[in-house]
Amino acid sequence: MEGYKYVPGYGSAHARLAVCGEAPGKHEEEEGKPLVGPTGQEVRSMLRVGGISPEECWYTNVFKYRPPGNDIKKAEQTGHSIEEGVKELWEELKAINPNCVLGLGALALNALTGESGIKKWRGSILPSLYGGFKVVSTIHPANLFERRGEKGLFPYSARVYIGLDIARAVEESLTKEYEVPHRNTHIAKRSLDLYDFLERKLAQGKRIVSIDIEAHKCVPMCIGLAFDKHESLSIPLINLGFLDKTYDIKAYELAEMWRLLDELFRRPDIFIIGQNFKYDQQKLECIGFRFREDQLYADTSLLAKLINPEFPAALEFSTSIYTREPYYKDEYREFNPARDKLDRVFKYNGKDCTVTFEVFEELIKEAKELGLEELFFGFIMKLHPIYKDMEDTGFGIDFEMRDALYKKYSKQQIEKEDRLFELTGYPVNCNSPKQVQFLLYEPLRLPRRKDASEDTLVQLMANRVKDE
């Protein structure tokens with residue numbers, strides 16, 4: 001369609017790494033090349049840090065026309081469809097034949113792998129839908145920049161892990177082979193399976209065990225154990241024959257499994273690694289298991305926050321940074337007992353344990369490099385029982401003072417609303433940002449702003465804003 005410029009891919013025809021964005025922007029349309037504007041310069045900077053010269057890469061987009069307002073949802077207004085763009089993309093990438101493609105943003109992720117949810121899949125090493133190359137996707141760096149007068153959609157700290165994702169793509173471009181961790185996740189269907197697993201691991205001198213539970217309606221249904229990052233055992237805690245006849249385990253077998261687990265936890269030389277272990281511990285103690293106060297060796301969520309306070313502490317995030325394990329959390333979140341076998345839950349449970357162990361090993365290396373090991377073990381970990389007690393007990397509330405404050409501030413609110421009505425001549429619901437915005441910028445003749453948020457009101461009160 002006339003008026004929309006075609007922006008083809010360009011770069012090294014022998015590139016081992018291709019970079020795929022979503023669609024051209026203003027700078028790309030003007031120069032006729034993808035990823036040449038501020039976002040492109042940011043990507044090139046990260047590629048250099050990741051260990052590759054930007055001139056060695058191939059650059060392209062899923063959609064090769066600039067959509068109106070840079071809004072990919074309006075792509076068809078150009079007279080071209082995303083579907084035809086995807087088809088052309090595959091022909092282009094097959095001709096280049098890179099070892100790895102770095103996908104920038106949700107559209108690139110979906111076009112290259114068929115997956116959806118860039119925040120979940122960023123950093124994962126995935127096979128491509130076609131073409132035989134690997135894909136590593138990340139959040140589009142454009143989301144770090146100011147957009148239409150607003151702040152970036154992600155905090156600037158996201159630049160760090162976007163850079164790590166790009167460095168991973170550079171590393172993956174060194175080889176053609178798709179290799180992700182292989183983990184042996186076993187399931188105990190009789191007490192002898194648990195006995196043999198513990199005998200073997202303890203005989204090897206293993207004394208630190210990663211633990212994770214899965215619960216059904218707040219009742220622990222299984223517990224996973226891993227003494228290293230390679231192998232785990234998931235143990236049913238209740239008879240699940242009503243969901244899957246394979247797990248119709250006899251009562252005496254379950255009782256022996258519980259006894260073996262209790263014996264393990266009571267050993268003075270056994271220490272535990274967990275992710276947000278307060279949850280697991282509380283659930284396990286509710287059904288009778290007991291733990292020493294010093295038994296939790298490390299909580300990976302606490303360690304992650306100590307090392308990277310700006311990053312999420314969730315296991316799925318740490319997994320994406322510190323391991324090569326692709327995103328897998330939906331394996332349990334999307335479990336449907338009417339459709340899926342219970343093996344899926346147990347395999348997920350076991351994987352969580354091995355991944356937690358690996359995340360701990362990588363985090364503690366970083367803690368040592370940063371000189372934080374003593375702080376973690378000597379102070380942070382000692383807060384765990386305090387945090388757990390706070391969650392179990394809750395906070396004391398002075399109900400009389402709460403009621404008095406409620407009356408005080410309710411009265412003040414009514415007085416302020418009455419005063420606002422006197423000034424404007426309009427009744428107003430102060431809980432409605434739209435109504436407050438209307439009253440501020442029209443009747444009161446205050447400088448027009450984009451919203452009526454607390455930050456905006458404080459700026460207005462401080463007279464730190466300019467008329468638009």
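Quick caveat: nothing in here was measured; it's all calculated off a predicted structure.

Trainee: I keep staring at the pattern of salt bridges and nothing clicks. Help me out?
Mentor: Should their charged atoms come close, side chains of opposite charge can pair. One pass over the full model with this rule turns up 32 salt bridges. For the salt bridge of Glu316 with Arg333, the shortest nitrogen-to-oxygen distance reads 2.6 Å. Highlighted residues: Glu316 in helix H11 (residues 315-322) and Arg333 in helix H12 (residues 330-333), separated in sequence by 17 residues. What makes Glu316 partly exposed here is its relative accessible area of 25%. Judged by relative accessible area, which is 52%, Arg333 ranks as exposed. Close ionic contact of Lys351 with Glu325 constitutes a salt bridge, the shortest N to O distance being 3.6 Å. Placement of Lys351 in helix H13 (residues 343-369) and of Glu325 in the loop between H11 and H12 is noted, with a sequence separation of 26 residues between them. Overlapping salt bridges, with partners in common, bring together Arg183, Glu325, Glu331, Lys351 and Glu358 in one network.

Trainee: Can you walk me through the pairing of strand S3 (residues 58-61) in this structure?
Mentor: For a regular strand, the rule is simple: side chains alternate between the two faces of the sheet. Covered by surrounding structure in S3 are Trp58 and Thr60 together with Tyr59 and Asn61, the residues of both alternating faces. Note: strand S1 (residues 10-11) against S3, two bridges, orientation antiparallel. Residue pairing across strands places Gly11 opposite Trp58, the latter belonging to S3. As paired elements, strand S2 (residues 17-21) and S3 share four bridges and run parallel to each other.

Trainee: Just to check I follow, could you spell out the sheet that holds strand S6 (residues 134-138) for this structure?
Mentor: Whether parallel or antiparallel, the strands of a sheet pair through hydrogen bonds between backbone atoms. Here we have six strands laid out as an open sheet, ordered S1-S3-S2-S4-S6-S5, and mixed in their pairing. Of all strands in the sheet, those bounded by a partner on one side alone are S1 and strand S5 (125-127). Against the sheet, helix H2 (residues 38-50) contacts S1, S2, S3 and strand S4 (100-104), and its axis sits at roughly 150° relative to S2.

Trainee: Would you take a moment to explain the packing of aromatic side chains for this structure?
Mentor: In this description, a pair of aromatic rings is defined by centroid distance and the angle of the planes. The full count for this structure, using the stated rule, is 20 aromatic pairs. Considering the side-chain rings of Trp90 and Tyr130, the 5.0 Å spacing of their centres and the 85° angle between planes classify their relative orientation as edge-to-face. One end of the pair, Trp90, is in helix H3 (residues 82-96); the other, Tyr130, is in the loop between S5 and S6, with 40 residues separating them in the sequence. Here Trp90 falls in the buried class, since its relative accessible area comes to 6%. A centroid spacing of 5.7 Å and a plane angle of 25° characterise the contact between Trp90 and Phe133, whose relative ring orientation is stacked. Taken together, the positions of Trp90 in helix H3 and Phe133 in the loop between S5 and S6 put the pair 43 residues apart, joining distant regions of the chain. Its relative accessible area of 2% is what places Phe133 among the buried residues. Taken together, the ring pairs connect Trp258, Phe265, Phe277, Phe289 and Phe291 into an aromatic cluster. Here Arg44 stacks its cationic end above the ring of Tyr59, 4.3 Å away from the centre of that ring.

Trainee: Can you help me understand the nonpolar core in this one?
Mentor: The tendency in soluble globular proteins is for nonpolar side chains to be buried side by side. Formed by 82 residues in total, the largest nonpolar core has its most connected members in Leu47, Ile223 and Leu225. Per-element tally for this core: the top contributor is H13, with eight residues. The contact partners of Ile223, leaving out residues within four places of it in the chain, are Ile211, Asp212, Ile213, Leu233, Ser234, Ile235, Leu237, Leu261, Phe265, Leu284 and Asn349. Counting 17 residues, the second largest nonpolar core, distinct from the first, contains Val62, Val86, Leu93 and Ala111.

Trainee: In this structure, what is going on with helix H10 (residues 300-307)? I would like to understand it.
Mentor: Working note: α-helix, 3.6 residues per turn, so residues spaced by three or four point in the same direction. Here H10 lies mainly inside the structure; seven of its eight residues are buried. When we look at burial in H10, the residues that qualify are Thr300, Ser301, Leu302, Leu303, Ala304, Leu306 and Ile307. The inward-facing, buried residues of H10 abut strand S11 (271-274), strand S12 (296-299), H11, H13, helix H14 (373-378) and helix H15 (384-393).

Trainee: What am I meant to see in H11 here?
Mentor: Within H11, seven of the eight residues are buried, which leaves the element mostly enclosed by the surrounding structure. Taken residue by residue, H11 has Leu315, Phe317, Ser318, Thr319, Ser320, Ile321 and Tyr322 as its buried positions. Buried residues along H11 sit against helix H6 (158-172), H10 and H13.

Analysis parameters
- Residues numbered from 1 in each chain as written.
- Predicted model: local features only at pLDDT ≥ 70, side-chain atom pairs only at ≥ 80, totals over all residues.
- Heavy atoms only, no water.
- Salt bridge = Lys/Arg side-chain N within 4 Å of Asp/Glu carboxyl O.
- Helix = DSSP H or I, 4+ residues; strand = E, 2+ residues; numbered from the N terminus.
- Buried < 20%, exposed > 50% of the residue type's maximum accessible area, 1.4 Å probe, protein only.
- Pairing = 2+ DSSP bridges.
- Contact = heavy atoms within 4.5 Å.
- Axes fitted to C-alpha atoms, helices over the stretch in contact; angles between N-to-C directions.
- Phe/Tyr/Trp six-rings, centres within 6.5 Å; stacked < 30°, edge-to-face > 60°.
- Lys NZ or Arg CZ within 6 Å of the ring centre and 35° of its normal.
- Core = buried A, V, L, I, M, F, W, Y, C linked by side-chain atoms within 4.5 Å.

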